[in-house]
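As a plain string of letters, each chain reads:
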Protein chains: 2
Amino acid sequence: MIEGVKQQKWWGWGEEGHEYGYKDKPKFAPFVQKKVGVDIAAPVQPIPPFSSLEVPASQLSETLRAELESILGAKYVQTDDQTRVVHAFGKGLRDLVRVRRGELGRVPDAVLYPGTQRDVERLLDAAIAADAVVIPFGGGSNIVAALEAEPGETRQVISVNLGRMNKVLEIDEVSGLAHIQAGVFGPDMEDQLQARGWTMGHHPDSFVWSTLGGWIATRSSGMQSDKYGDIADITRGLTMVMPGQVLELRPLPSYSSGPSVREMVLGSEGRLGIITSAWVNVHRMPEVREIQAYFYPTYEDGLNACRQIIESDAEVMMARVSDALETQYIMANGKKSSKVSSMVSKGIQKLMLQKGWDLENIAMSFIGFEGSKSHVRYNKGLVGKIVRDNGGMGVGKGPGALYDQKKYDTPYLRDFMLDRGILADVSETTTPWKYAAQIHTNVTEAFYAKMKELGKRGVVFCHLSHSYHSGACQYFTFAINDASETNLETYDAAKRVVQQGFMDNHGTVSHHHGVGEEHSPWMEQDISPAGVFIQKALFDGVDPGRNLNPGKIVHDGAPGITSNSAEHVG
Amino acid sequence: MIEGVKQQKWWGWGEEGHEYGYKDKPKFAPFVQKKVGVDIAAPVQPIPPFSSLEVPASQLSETLRAELESILGAKYVQTDDQTRVVHAFGKGLRDLVRVRRGELGRVPDAVLYPGTQRDVERLLDAAIAADAVVIPFGGGSNIVAALEAEPGETRQVISVNLGRMNKVLEIDEVSGLAHIQAGVFGPDMEDQLQARGWTMGHHPDSFVWSTLGGWIATRSSGMQSDKYGDIADITRGLTMVMPGQVLELRPLPSYSSGPSVREMVLGSEGRLGIITSAWVNVHRMPEVREIQAYFYPTYEDGLNACRQIIESDAEVMMARVSDALETQYIMANGKKSSKVSSMVSKGIQKLMLQKGWDLENIAMSFIGFEGSKSHVRYNKGLVGKIVRDNGGMGVGKGPGALYDQKKYDTPYLRDFMLDRGILADVSETTTPWKYAAQIHTNVTEAFYAKMKELGKRGVVFCHLSHSYHSGACQYFTFAINDASETNLETYDAAKRVVQQGFMDNHGTVSHHHGVGEEHSPWMEQDISPAGVFIQKALFDGVDPGRNLNPGKIVHDGAPGITSNSAEHVG
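**So, the overall build of chain A**
No. 1: Scanning chain A from N- to C-terminus turns up 21 helices and 18 strands.
No. 2: In terms of overall size, chain A behaves like a compact globule, its C-alpha atoms giving a radius of gyration of 23 Å where 570 residues would be expected to give roughly 25 Å.
No. 3: Projected onto its principal axes, the C-alpha positions of chain A cover 75 × 60 × 45 Å.
No. 4: Looking at chain A as a whole, 66% of its 570 residues qualify as buried.

**Thoughts on the pattern of salt bridges**
Residue and element names in this part refer to chain B.
No. 1: A complete count under the given rule lists 58 salt bridges over all chains for this structure.
No. 2: In this structure, R546 and E150 form a salt bridge, with 3.4 Å as the shortest nitrogen-oxygen distance. Pair noted here: R546 is in the loop between α20 (523–542) and α21 (563–566) and E150 is in the loop between β3 (133–137) and β4 (157–161), with a separation of 396 residues, a long-range link.
No. 3: Given the relative accessible area of 6%, E150 is considered buried.

**Brief notes about the sheet that holds strand β9 (residues 245–249) of chain A**
No. 1: Pairing within the open sheet is antiparallel, and its five strands lie in the order β5-β6-β10-β8-β9 (chain A). Edge positions in the sheet fall to β5 (168–172) and β9 of chain A, since each of these pairs with one other strand and no more. Between one strand axis and the next, the sheet turns by 10 degrees as a mean value, whatever way the strands run.
No. 2: The sheet strands contacting helix α6 (residues 186–194) of chain A are β5 and β6 (177–181) of chain A, and the helix crosses β5 of chain A at an angle near 40 degrees.
No. 3: Helix-sheet contacts for α20 of chain B involve β8 (235–242) and β9 of chain A, and the interaxial angle to β9 of chain A is about 105 degrees.

**A short note on the side chain of R219 of chain B**
No. 1: By secondary structure assignment, the location of R219 of chain B is in the loop between α7 (212–218) and α8 (225–228).
No. 2: In terms of polar contacts, R219 of chain B uses its side chain to reach the backbone carbonyl oxygen of Y255 of chain A, at 3.2 Å.
No. 3: Residues within four places of R219 of chain B in sequence aside, it is in contact with Y255, S256, G258 and S260 of chain A together with I231, A232, E263, L266, G267, H511 and H512 of chain B.

**Regarding the packing of helix α15 (residues 373–389) of chain A against helix α15 (residues 373–389) of chain B**
No. 1: Contact pair α15 of chain A / α15 of chain B: the axes reach a minimum separation of 13 Å and the direction vectors enclose 175 degrees. By the angle between their directions, the pair α15 of chain A and α15 of chain B is classed as roughly antiparallel. Side by side, α15 of chain A and α15 of chain B meet where S374, H375 and Y378 of chain A of the first sit next to S374, H375 and Y378 of chain B of the second.

**Overview of the packing of aromatic side chains**
No. 1: A complete count under the given rule lists 29 aromatic pairs over all chains for this structure.
No. 2: For the ring pair F447 of chain A and Y448 of chain A, a centre distance of 5.4 Å and an interplane angle of 80 degrees mean the geometry is edge-to-face.
No. 3: Feature note: the residues Y20, Y22, F28, F31, Y329, F416 and F461 of chain A constitute an aromatic cluster, connected by ring pairs.
No. 4: Seen from the ring of W209 of chain B, K6 of chain B lies directly overhead, with NZ or CZ sitting 4.1 Å from the centre.
No. 5: Sitting above the plane of the F416 of chain B ring, R420 of chain B keeps its charged end 3.7 Å from the centroid.

**Examining the relation of the copies chain B and chain A**
Each copy of the chain is related to the other by a rotation around an axis and a translation along that axis.
No. 1: For the pair chain B and chain A, the superposition axis carries a translation of 0.0 Å, the fit reaches an RMSD of 0.0 Å, and the rotation angle comes to 180 degrees. Here the two chains are linked by the operation of a two-fold rotation axis. If distances are taken from each C-alpha of chain B to the rotation axis, the shortest is found for L538 of chain B, at 2.4 Å.
No. 2: A share of 100% of interface residues in chain B that are also interface residues in chain A marks the association as one of identical surfaces.

**Some details on the pairing of β3 of chain B**
Looking down a regular strand, the side chains alternate between one sheet face and the other.
Residues and elements named next belong to chain B.
No. 1: Among the five residues of β3, five are classified as buried, and the element is accordingly described as predominantly covered.
No. 2: Because side chains alternate across β3, one face comprises the buried residues V133, I135 and F137, and the other comprises V134 and P136, equally buried.
No. 3: Relative to β4, β3 runs parallel, the two being bridged by five bridges. Its bridge partner lying in β4, P136 is registered against V160.

**Notes on unusual backbone geometry**
No. 1: Of note, R219 of chain A is a non-glycine position whose phi angle comes to about 55 degrees, a positive value.
No. 2: On the basis of relative accessibility, which here comes to 7%, the residue R219 of chain A falls in the buried class.
No. 3: A positive phi is found at H506 of chain B, a non-glycine position, where the angle reads about 70 degrees.
No. 4: Given a relative accessible area of 34%, H506 of chain B falls into the partly exposed group.

What counts and how
Going along each chain's sequence as written, the residues are numbered from 1 onward. Ligands are numbered from 1 and chains lettered from A, in the order in which they are written. Whole-chain, interface and lining totals are the exception, using all residues; otherwise, since this is a predicted model, local features are given only for residues with pLDDT of at least 70 and side-chain atom pairs are given and counted only at 80 or more. Side-chain descriptors were evaluated using all non-hydrogen atoms of the structure, hydrogens and water having been removed beforehand. Strands are runs of DSSP state E lasting at least 2 residues, helices are runs of H or I lasting at least 4, and numbering of each runs from the N terminus. As defined in this context, the radius of gyration uses C-alpha atoms, and a globule is described by 2.2 Å times the residue total to the power 0.38. Each residue is assigned to one of three classes by its accessible area relative to the maximum for its type, calculated with a 1.4 Å probe on protein chains only: buried under 20%, partly exposed between the two thresholds, exposed over 50%. Whenever a carboxyl oxygen of Asp or Glu lies within 4 Å of a side-chain nitrogen of Lys or Arg, that contact is scored as a salt bridge. The pairing criterion is simple: DSSP has to find at least two bridges between the two strands. Where helices are involved, their axes are fitted lines through C-alpha atoms of the stretch in contact, as for all axes, and angles between N-to-C directions lie from 0 to 180°. Residues count as neighbours in contact if any of their non-hydrogen atoms are within 4.5 Å of one another. Distance and chemistry together define a polar contact, namely a pair of N or O atoms within 3.5 Å, with one atom able to donate a hydrogen and the other to accept it when in protein, and with adjacent residues in sequence counting only for side-chain atoms on both sides. An angle below 35 degrees is treated as roughly parallel, one above 145 as roughly antiparallel, one from 65 to 115 as roughly perpendicular, and anything else as oblique. Only Phe, Tyr and Trp rings are paired, with Trp represented by its six-membered ring, and only when their centres lie within 6.5 Å; those with planes under 30 degrees apart are stacked, over 60 edge-to-face, the remainder tilted. Criterion for a charge above a ring: Lys NZ or Arg CZ within 6 Å of the ring centre, and within 35 degrees of the ring normal. For this overlay, a least-squares fit was computed on C-alpha atoms, restricted to residues scoring pLDDT of at least 70 in both copies.

Okay, structure coming up:
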């Protein structure tokens, strides 16, 4: 561990000692018991000690080590087992299962901690001269296998942790732009910005454990994107170190200078170089920030309302609606006497029943507003009318405030579930609005059909998370009771059926998690074979030696693609 | 000419018979006399007859002709001189001067008019098999030399006019998406959309003479982009025919599927293939559409107001402000007793003088509002306060209505000026807000210094045309009295000083005109040498034989780049 650089657990999400707790949530254990047949109160196997893992020895050559140490200082060339294992994977469900089992794959031979852009230039040139493979590393929260070396990789593998490059370098207060180093984690970045009255407004679920560079490299999107935009909108300029040269894109609000190089770096997942800093849009902290909760009789009513809101004159910061099962999950996850529980108080339930709602079908929605007091009031008025037109009702801002506090905690629950033999994961997609209800229905049905076929108990639920003029992102969570499983077959089957469901219902392979190695088998279906041909032309032209995080995004026929993915499709 | 496919004059902008008239604008002739010393009432040389041009013979081989005729039908393989000359250039000032002089360069050998995507696939494969050069052609309004073959080109040159592919194929009324063929001209497209209650809201100055495919290929932006977005935002999916394959990008509101192939096609200027259709965002026609006019004591006050408007809670459809000289030009261009003249009526002038304004410095602004009546009222209130905070005042919607009617007429004035020995052209750039005033001042000063050095009379004026969170586009018009000139040296010097001024003051080479051959010398300054390396890797990988509109965007060291550009920089 390097001082000042946060590092996640080797076996799970986030910090040691921070774990999901359910004991003050009386409805949670019964909910899990009912839905997947698992008693979460039963004792669990402890995580084995790190020392029980068999970690392959570093293959870093003495020559390259000496060169890298002369560039960075010995302290910043780490080759100890735990650091290397933490950098061997992201935090996908498949990653967590493998690391817990000690299936470590091709662990990097060294983890480097550059402190400056010049460090990155020099280490990259040294690594390329040694024909090493170079994989950039931010917070390590990637869930699409973008951080691991190909299993068959025989060359030296170098993971480059950007965590020391964590400063807001400059705020242009006239333009609303900030120049920020790529290795900064979300909270650290917002602390630096907010201390001067600014915010970037980018809040992905991974916020606490992800970095600016990672967001850019994966085309991230935050939960306030309806107002602040996706990272692709927020990022106006950037610096990327490439072998022998540095790409410098100045911050520009818009341009017509050929195919957008900025948009080629966005989503490049390390295949073009190492992003070291970016110029991003920042905004003055709003006078008012308010999240209102609403209920609809059905999820489809909520989808319609979100579409009408984005189409209307109203301006919202977020508009989120959960399907029936996710609504039940949220309520089951509420603390005793919390606002989430009380919001479906007897009174409100009675009102719903009077309206003829089926309480098993209700859909909960959070809508966020920002701006001056009068602007928030104006927009709440516009939104309220649309909610009512779709049969919905408002229940105030109490639940929204709670949502706001707890919004980053879900990944800890995944580890908790995994301890209990429940494999839980998430997949998200966008479609045009026309297919929003259809993709939800069809993916859900395909999931349950697959569970039935496999004789497993599982659940899938979903929320609409991001709205755009022409469509929306829907975010699916699925969980399978698979305690008896000794490999990932059931998980693979579920993941396949969800991703293929996206393809079959006008969706994209991912809205903001990226492609990595995990989603690459669907790329030809997503952007057509000619689209993959174009991406491959770009990667091959920029990196003919396949040194820059090879094998990600495009299946390029090289050996060593993990077998699970090769079987994903077909 | 092909029935149903509009074609511009061979020697100038737009239709035969439609020309600029000044006789009902009493202030215009004195304005021109005063500013550049030209008497526009003096007799002018008529345009020489087309028959006086020496048009190089078509080099289309009989084999390729037979093959293309079998694909398209003989009627749609045109090789007559006038059609070929119309397709030899765009409508840049340099193009107009050259074509009037009969300096025709490498005229295409054939102009093809495909009617279907399948036609395009087959013709492209036939052309590539014959090692021909293929240049897509929309409305022919390009002003950055993106439509002409390289002068030294020895292979056959094929211009592909998409004008028969002009239908709105489908409107997805749930999602607000339309699937539209690439060859449709602006007015024809809006007629088809508006007949069903929809609009795309994309109105570049070239609207009447440009096409959807052209907008996408050049990363166009329209005057209502503050609400509707640039074409890069509007275009959600597209089809592009490539040699031996077809790129199909489905309409998606957002995605994380690697480097954005959509954003590689946007701005590709024919270097990756031929765009045949696109899925674009469309919107219901607004209940109210209103353009209000305002005045500020100075241009800088107007810039500040536009920045504060975009930063505020207000939503506008456009926000435009002209510098002092452009304000005088607009007023001089007003018809006798028109609203533009009357708006600076004695009463208003008196008020301005009372406020201590210098009438030589005032800046005129148009701000557009759309939405429900109450939404427009709400936003006019927010904007009105910002205008007043910056010392400005509103003068109502009369001038804006006139602006709205006349907004596409300026290119005709350029031809009128050229007849009188005045070389007029436009260049536009974006910067962060911080540099908006600086780039205006410095580019203007550099232009006048160059005129002084060359002993020429010229003027330059500017308006802010598009606003974004972090910056704005400023659109410069310059005109030089160069009647005695027999080559384009003065023009080149002026254009160079303006473009280099953009680079030296934090601007981009272009906001929405594109790169072509004209701006390619500045690309390394704009996106850094590594950025050009990335674009070149893309072009070389996709088109190793240099058949797809070669030489545009990236200077690739091939012979035949026109000498004027090679000298642009340094």
